[in-house]
Amino acid sequence: MQAPAAPDTATSPRTVTLTIDGKSVTVPEGTTIWDAAKALGIDIPVLCHDERLRPVGVCRLCVVDVGGRTLAASCVRPCEPNMNVATTSPRVERQRKVLLELLMSDQPEVCPKESTTGGNELYALARRYGADGTRLPHGKGRGEDGSSKVISVHHDACILCDRCVRGCDEIQHNDVIGRTGKGYGARIGFDLDRPMGESTCVSCGECMAVCPTGALVNKPVSAPLAPRVHLKQVESVCPYCGVGCALTYNVDEETNRIVYVDGRDGEANHERLCVKGRYGYDYAMHPQRLQKPLLRVRYPKGPLSDAPEEARAGRRKGHLVRYEDVLPAFREASWDEALDLVASRLREARDTHGPAAMAGFGSAKCSIEEAYVFQKLVRAVFGTNNVDHCTRLCHASSVAALLETIGSGAVTNTFAGIAEADVALLAGTNTTANHPVASSFFKQAAARGTKLIVVDPRRPDVAQYAWRYARIRHGTDVAFYNGILHVLLAEGLYRADYVEEHTTGFEALKETVARYSPEVASEICGVAPDLIREIARAYGSARAAITFWGMGISQHTHGTDNARCLISLCLVTGNVGRPGTGLHPLRGQNNVQGASDAGLIPMMYPDYQRVADPAIRAKFEKAWGVPLDPKPGLTVTEITTAALEGKLKALYCMGENPFLSDPNVNKVKKALAKLDFLVVQDIFLTETAEFADVILPATSYLEKLGTYTNTDRRVQIGRPALKPPGEARLDWQIVCEISNRMGYPMPYTRVSDIFDEFTSLTDAYQNLDYDVLGTAGRLWPSPDRSAKDGVQILFGDAFPTPDGRGKLVPCEYMPARETPDAEYPFVLNTGRLLEHWHTGTMTRRSYALDAIAPEAFVEVHPEDLARLGVRPGERVRVTSRRGSIELVARSSTKVGVGSVFIAFHFREAAANVLTIDAIDPFGKIPEFKFCAVRLSRPSGDAAEAAE
């Protein structure tokens, strides 16, 4: 008989057996006593420990008796063989009580947390041990810090447990908090002991969330703070970026207000939140919410072109939406009157001018169900494919490249997959501002040894954690990545077996990149040849490399080429389909992925099924019961051009604000004014709504039920926390009612019915429904309904292309459409700020977010400011060939010499007044990241000012 094989000590962990409170337990070697006790169901009190943090044993409340001369801190003491542990002996309990007496003696008379939200761990333990601290004298006090807009600091309540320090360092990796002072005066400090509100704190609230006492507490945002037991908890998802953070809204049902927000332990965030998710919820409760339908009254009924000039001029206000100026142009109406008017005018436009004269703008801020019924309305009722949304403004070029090369427009791995990578490329993405919680995973990976390679012309904050940062010249991505590919192929740092078995087009790619030696690429992109080689060698020799990119890659007239190069980089090195590898364009809005999946794009039905394919079209004609247009529709910018040319007569805009979000605002303004009929469905009077004939009051994210797909492909349910204000209605119900009145029944009774119809027409969403999604959500695809989750890593065996192979597409460097010259010597780059969102419609109505970032500014390199004779903080005029804006100048080395950066959230200084409306020929995405501008003092020629 063969003897049993010896255990593999390299893979089988050693174990130790010990006794805790008379119970025997066997645990892996290295397990702490605290964790072993927890496994037995034994609760050891602790104040300095949080399971997401590295244990440090500072508070000494978790001490246990192991038979030694002194008690041992169980959160850091490892288990030993045959150890006999007592967790509640008289000696242990006596020490805990004395320690709690000492800690309570310095607490303020009124605990800031106990009197507001509750949940004070110190007070709970003090009550348990009968230790109120009154037997000992109080200290003189260490003061308070109220400088932050969202968090109050009460130093007397601090027990120096360092949980806030470690939460900031180890979870969010912002590295802001430390200790300062000595002896009794020791306290937490921010940066070099600055007030919290003046430090580099990004107001994520992680320090407050992990604080066990009342030292760090929320400030009230929209309602007085109240203990959790008096509030309703609603488990939902954040309404902002594509990360899809799980959170809990704590709601006062009597006042219909959210009091505060907690992070939930979702797969996308593990309790983490950013400033927008934690403090940016009060926009939904803003007094400017639209509550009744509004009809324009300043012009006679009929096409706008028939109206007198003075009436049409009333539709052309400036960038600021002043309700008192705009609302006199409208009158309140009943829902029946408004819906009848919308239906009749849309039907009139269709029957008079044909379906091609109509279009719809949907929104990535709306749910999958709302996107689905909206595109169904445009296709089945309007009779056209002229439907699009803001994916055209963010990642359309990425999707075009992904569909072309690997047959799928979605990410191939989650952003948390970086934990298994030894190299991560972050290209054209300012993750700390645009995807702050995802960036915490990236920074955490860097701390564990992953090499971050950051490539961007504007140095993002995440570059602080990078192994190498490459500042390429604006618009030279193709040259740079061709240089990387040149080194990979020339030095044999690619996987020949993978290329042979899984790709096509290698020889053509090889021929093209052969012309881009590091020296040639360097002349174009401005990165030193040696750095190009170093980055290529690190990526090429990596066991597993993952690639992330943002709108710095996609928002170019050559954005599709940029994405093609990144895809080729992954394919030639075989960095797809394995743990720690993948392609991940970081989605910008909370439901860009889901809205695209739902068919809110002009050339695709739901699940990226092409409208031009007769078999696919027949499938949807059968499902929807009407003939469908075989021609792909117009994209966002093409719709604007068609309106300006008089070819487009009617536009239905649900939740979008093209007046500020689209390039070349003055062109957009003229196009909107030329429409015969415009209906806007939104929660506020937006800049676009100024041009509307009918304004329909919709519901905010916080007031409705629906599904949303994050950047990882995780489908989650957003749940209503508030009741809609006034007569505001659910978006999907409004769309369905318009469809009904136009003669096409949409008799859905529940939002889940819409989701079920949508999933029945897709492959990716099979096996998903509201019961399966629950509170955790699920990744698509999900081939096994009974599994815990869907598929994280895609395309390990083959790609969903006709031949199962990835396609390598060679690209030549092409300069931007509009380059600097003597008249316009600067390159303008636009983007987002951490505190704000898209056109600012929501975030600028959030008290905390607007208070932290209240004004528009332009970042200028200090050398350029000196050359212009402008001091930081002074106002400057920025002018392009399309318009001019004025705003404050900030000195910043984030931007290079000769370039400037402006965020596009601020309507009083709208960056898109300046941007060019040239588009990528493949993805049809506008060139937001590159146009030529000049800077001057505001006292310059007033004629340059924007209209």
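About the criteria used
- Per chain, the residues get numbers from 1 upward, laid out in the order the sequence is written.
- Thresholds applied to this predicted model are a pLDDT of at least 70 for local features of residues and 80 or more for the giving and counting of side-chain atom pairs; totals over whole chains, interfaces and linings are not thresholded and use all residues.
- Computation of side-chain values: all heavy atoms of the structure, hydrogens and water removed.
- Going along the chain from the N terminus, every DSSP run of H or I of four or more residues is numbered as a helix, and every run of E of two or more is numbered as a strand.
- Residue burial is assigned from relative accessible area. The probe radius is 1.4 Å, only protein chains are included, and a residue is buried under 20% of its type maximum, exposed over 50%, and partly exposed in between.
- Whether two residues are in contact is decided by their heavy atoms, any of which lying within 4.5 Å being enough.
- In this description, accessible areas are obtained by the Shrake-Rupley approach with a 1.4 Å probe, and a residue is regarded as covered only by the protein chains that are shown.
- You can read pLDDT as the predictor saying how much it trusts each residue, on a scale of 0 to 100.
- To get an axis, fit a line to the C-alpha atoms, keeping to the stretch in contact for a helix; angles then go from 0 to 180 degrees between the N-to-C directions.
- If an angle is under 35 degrees, it is roughly parallel; if it is over 145, roughly antiparallel; if it lies from 65 to 115, roughly perpendicular; otherwise it is oblique.
- A crossing counts as left-handed when the near helix is turned anticlockwise from the far one by less than a right angle, and as right-handed when that turn is clockwise.
- Residues are grouped as follows: Ala, Val, Leu, Ile, Met, Phe, Trp, Tyr, Cys and Pro are nonpolar; Asp, Glu, Lys and Arg are charged; every other residue, Gly included, is polar.
- Only protein atoms enter the 1 Å grid, on which a cavity is a set of points fitting a 1.4 Å probe that cannot get out and a pocket is an open set with protein on both sides within 12 Å along at least 5 of 7 lines, lining residues being those with an atom within 4 Å of a point.
- Grid points are joined across faces, edges and corners, and a volume is the space filled by probe spheres set on the points.
- Only when DSSP finds a minimum of two bridges between them are two strands counted as paired.
- One less than the residue count of a helix, multiplied by 1.5 Å, gives the span that helix is expected to have.
- Only buried residues count toward a nonpolar core, which is a set of Ala, Val, Leu, Ile, Met, Phe, Trp, Tyr and Cys residues joined through side-chain atoms within 4.5 Å.
- Defined by distance alone, a disulfide is two cysteine sulfur atoms within 2.5 Å.
- Every case where a carboxyl oxygen of Asp or Glu lies within 4 Å of a side-chain nitrogen of Lys or Arg is listed as a salt bridge.
- Each pair of aromatic rings taken from Phe, Tyr and Trp, with Trp reduced to its six-membered ring, is defined by centres within 6.5 Å and is described as stacked if the planes are under 30 degrees apart, edge-to-face if over 60, and tilted in the remaining cases.
- We count a charge as sitting over a ring when the NZ of a lysine or the CZ of an arginine lies within 6 Å of the ring centre and within 35 degrees of the ring normal.
- Each C-beta atom gives one direction from the helix axis, and the arc is the one those directions make.
- Polar contacts, as counted here, are pairs of nitrogen or oxygen atoms within 3.5 Å of one another; within protein the pair requires one atom able to donate a hydrogen and one able to accept it, and residues that are adjacent in sequence qualify only if both atoms are side-chain atoms.

Here we look at the overall build of the protein
Then, number 1: Along the protein, the regular secondary structure elements total 30 helices and 38 strands.
Then, number 2: With the C-alpha coordinates aligned to their principal axes, the bounding extent of the protein is approximately 95 × 70 × 65 Å.
Then, number 3: The buried share among the 947 residues of the protein stands at 63%.
Then, number 4: The contacts in the protein between residues at least 6 apart in sequence include a share of 73% that link residues at least 24 apart.
Then, number 5: Accessible surface, the protein as shown: approximately 34200 Å² in total, 51% of it carbon and sulfur.

A word on the confidence of the model for the protein
Then, number 1: Predicted confidence across the protein gives a mean pLDDT of 93, with 95% of residues reaching 70 or more.
Then, number 2: Every residue in residues 1-10 scores below 50 in pLDDT, and together they form 0 contacts with partners more than four places removed in sequence or on other chains.
Then, number 3: Segment residues 941-947 is flagged for pLDDT under 50; beyond a separation of four residues in sequence, or across chains, it makes 16 contacts in the model.

Digging into the packing of helix H23 (residues 636-644) against helix H25 (residues 665-674)
Then, number 1: Closest axis-to-axis distance for the H23/H25 pair is 8 Å, and the angle between their directions is 60°. Here H25 runs oblique to H23, going by the angle between their axes. As for how H23 packs across H25, the hand of that crossing is left-handed. Along the contact surface, H23 presents Thr 640, Thr 641, Ala 643 and Leu 644, while H25 presents Lys 667, Val 668, Lys 670, Ala 671 and Lys 674.
Then, number 2: By residue class, the composition of the contact of H23 with H25 is 4 nonpolar, 2 polar and 3 charged.

Observations regarding the layout of surface pockets
Then, number 1: There is about 1100 Å³ of room inside the largest pocket.
Then, number 2: In terms of lining, the largest pocket is formed by 46 residues, of which the most central are Thr 200, Val 202, Asp 461, Leu 834 and Glu 835.
Then, number 3: Those elements giving two or more residues to the lining of the largest pocket turn out to be helix H12 (431-434), helix H13 (436-447), strand S34 (857-860) and strand S36 (884-891).
Then, number 4: The greatest single-element share of the lining of the largest pocket, amounting to 3 residues, is contributed by H13.
Then, number 5: Taken as a whole, the second largest pocket encloses approximately 620 Å³ of empty space.
Then, number 6: Counting residues per element, the ones that place at least two in the lining of the second largest pocket are helix H11 (396-406), strand S25 (609-610), helix H22 (614-624) and strand S32 (806-807).
Then, number 7: Among the elements that make up the lining of the second largest pocket, the one with the highest residue count is H11 (3 residues).
Then, number 8: When grouped by side-chain class, the residues that make up the lining of the second largest pocket number 12 nonpolar, 9 polar and 9 charged.

Structural notes on the pairing of strand S28 (residues 694-697)
Residues in a regular strand point their side chains to alternate faces of the sheet.
Then, number 1: Side chains Val 694 and Leu 696 of S28 all project onto a buried face; the interleaved residues Ile 695 and Pro 697 project onto the opposite face, where all are buried too.
Then, number 2: Here strand S14 (residues 294-296) pairs with S28 via 2 bridges, running antiparallel. By the bridge assignment, Leu 295 is partnered in S28 with Val 694.
Then, number 3: Direction of pairing for strand S27 (residues 677-682) relative to S28: parallel, over a ladder of 4 bridges.

Looking at unusual backbone geometry
Then, number 1: In this chain, Trp 780 is followed by Pro 781 through a cis amide linkage whose omega measures 0°.
Then, number 2: Mapped onto the secondary structure, Pro 781 falls in the loop between strand S31 (778-779) and S32.
Then, number 3: Its identity is not glycine, yet Lys 924 carries a phi of approximately 60°, on the positive side.
Then, number 4: Take Lys 924: its relative accessible area is 23%, and that puts it in the partly exposed class.

Some points on the sheet that holds strand S29 (residues 706-709)
Then, number 1: Reading across from one edge, S29-S30-S31 is the order of the 3 strands in this open sheet, with antiparallel pairing throughout. The sheet terminates laterally at S29 and S31, the two strands that pair on one side only.
Then, number 2: One ladder, built from 4 bridges, connects S29 with strand S30 (residues 714-718); its direction is antiparallel. Counted as the bridge partner of Thr 709 is Val 715 from S30.
Then, number 3: Those strands touched by helix H10 (residues 368-382) are S29 and S30, and its axis lies near 95° from that of S29.

Some thoughts on H13
Then, number 1: In this model H13 runs 16 Å from its N-terminal to its C-terminal C-alpha over 12 residues, within 8% of the 16 Å that 1.5 Å per residue would give.
Then, number 2: Of all 12 residues that make up H13, 11 are buried, and the element is covered over most of its length.
Then, number 3: Within H13 the residues assigned to the buried category are Pro 436, Val 437, Ala 438, Ser 439, Ser 440, Phe 441, Phe 442, Lys 443, Gln 444, Ala 445 and Ala 446.
Then, number 4: Lining the buried residues of H13 we find helix H4 (163-171), strand S18 (423-427), H12, strand S19 (451-455) and strand S22 (545-549).
Then, number 5: Gly 449 sits one or two positions beyond H13 and adopts a positive phi of about 120°.

A word on empty space enclosed by the protein
Then, number 1: Summed over the entire model, instances satisfying the criterion amount to 10 cavities of 30 Å³ or more.
Then, number 2: Estimated volume of the largest cavity: approximately 440 Å³.
Then, number 3: What lines the largest cavity is a set of 35 residues, among which Met 551, Gln 555, Thr 830, Gly 831 and Lys 929 lie closest to the centre.
Then, number 4: Within the residue set of the lining of the largest cavity, elements represented by two or more residues are helix H14 (477-490), helix H19 (551-554) and strand S33 (826-831).

Digging into the nonpolar core
Then, number 1: Of all hydrophobic cores here, the largest spans 146 residues; its most connected members are Leu 216, Tyr 249, Ile 258 and Val 878.
Then, number 2: No other element matches the 6 residues that H13 contributes to this core.
Then, number 3: Membership of the second largest hydrophobic core comes to 63 residues, among which are Leu 295, Leu 339, Val 611 and Val 694.

Focus: the state of the cysteines
Then, number 1: For the structure shown, the criterion picks out 0 disulfides.
Then, number 2: Of all cysteine sulfurs in the structure, the one in Cys 158 sits closest to Cys 164, which takes part in no disulfide; the separation is 6.1 Å.
Then, number 3: A relative accessible area of 6% means that Cys 164 is categorised as buried.
Then, number 4: Considering cysteine sulfurs only, Cys 811 is the nearest to Cys 565, which forms no disulfide, with 4.3 Å between them.
Then, number 5: For Cys 565, a relative accessible area of 2% gives the class buried.

Some words on the sheet that holds strand S6 (residues 144-145)
Then, number 1: Spatial ordering of the open sheet is given by S6-S7-S10, a layout of 3 strands whose pairing is antiparallel. Each edge of the open sheet is held by one strand with a lone partner, namely S6 and strand S10 (216-218).
Then, number 2: Note: S6 against strand S7 (residues 151-154), 2 bridges, orientation antiparallel. From the neighbouring strand, Glu 144 faces S7, where its bridge partner is His 154.

Considerations on the side chain of Gln 172
Then, number 1: Within the secondary structure layout, Gln 172 lies in the loop between H4 and strand S8 (177-180).
Then, number 2: For Gln 172, a relative accessible area of 4% corresponds to the buried category.
Then, number 3: Setting aside anything within four residues of it in sequence, one finds Gln 172 in contact with Gly 167, Cys 204, Glu 206, Arg 272, Leu 273, Ser 440 and Lys 443.

Describing the pattern of salt bridges
Then, number 1: Summed over the entire model, instances satisfying the criterion amount to 60 salt bridges.
Then, number 2: We note a salt bridge from Arg 877 to Glu 886, for which the minimum N-O separation is 2.6 Å.
Then, number 3: Take Arg 877: its relative accessible area is 4%, and that puts it in the buried class.
Then, number 4: Overall, Glu 886 belongs to the partly exposed group, its relative accessible area being 28%.
Then, number 5: Shared partners join several salt bridges into a network, and the residues in it are Asp 50, Arg 52, Glu 121, Arg 163, Glu 206 and Glu 271.

Let's talk about the packing of aromatic side chains
Then, number 1: Per the counting criterion, the structure on display carries 20 aromatic pairs.
Then, number 2: Ring centres of Tyr 605 and Phe 620 lie 4.5 Å apart, and the angle between their planes is 25°; on these two criteria the pair is classed as stacked. Placement of the pair is Tyr 605 in strand S24 (residues 604-605) and Phe 620 in helix H22, with a sequence separation of 15 residues.
Then, number 3: Exposure remark for Tyr 605: the relative accessible area of 0% places this residue in the buried category.
Then, number 4: Put simply, the rings of Tyr 372, Tyr 605, Phe 620, Trp 624, Phe 755, Phe 758, Tyr 765, Tyr 770 and Trp 780 touch in pairs and so form one group of aromatic residues.
Then, number 5: Taking NZ or CZ as reference, Arg 142 lies 5.4 Å from the ring centre of Tyr 184, over its face.
Then, number 6: Above the ring of Trp 467, the side-chain terminus of Arg 468 is found at 4.3 Å from the ring centroid.

Describing helix H3 (residues 121-129)
Then, number 1: Looking only at H3, the buried set comprises Leu 122, Tyr 123, Leu 125, Ala 126 and Tyr 129. Looking straight down H3, one finds its buried side chains confined to an arc of 165°; they lie on one side.
Then, number 2: For H3, the elements touching its buried residues are helix H2 (90-105).
Then, number 3: Between the side-chain oxygen of the N-cap and the backbone nitrogen of Leu 122 there are 3.0 Å, and the N-cap of H3 in question is Asn 120.
Then, number 4: Directly after H3, the chain includes Gly 130, whose backbone phi takes a positive value near 65°.

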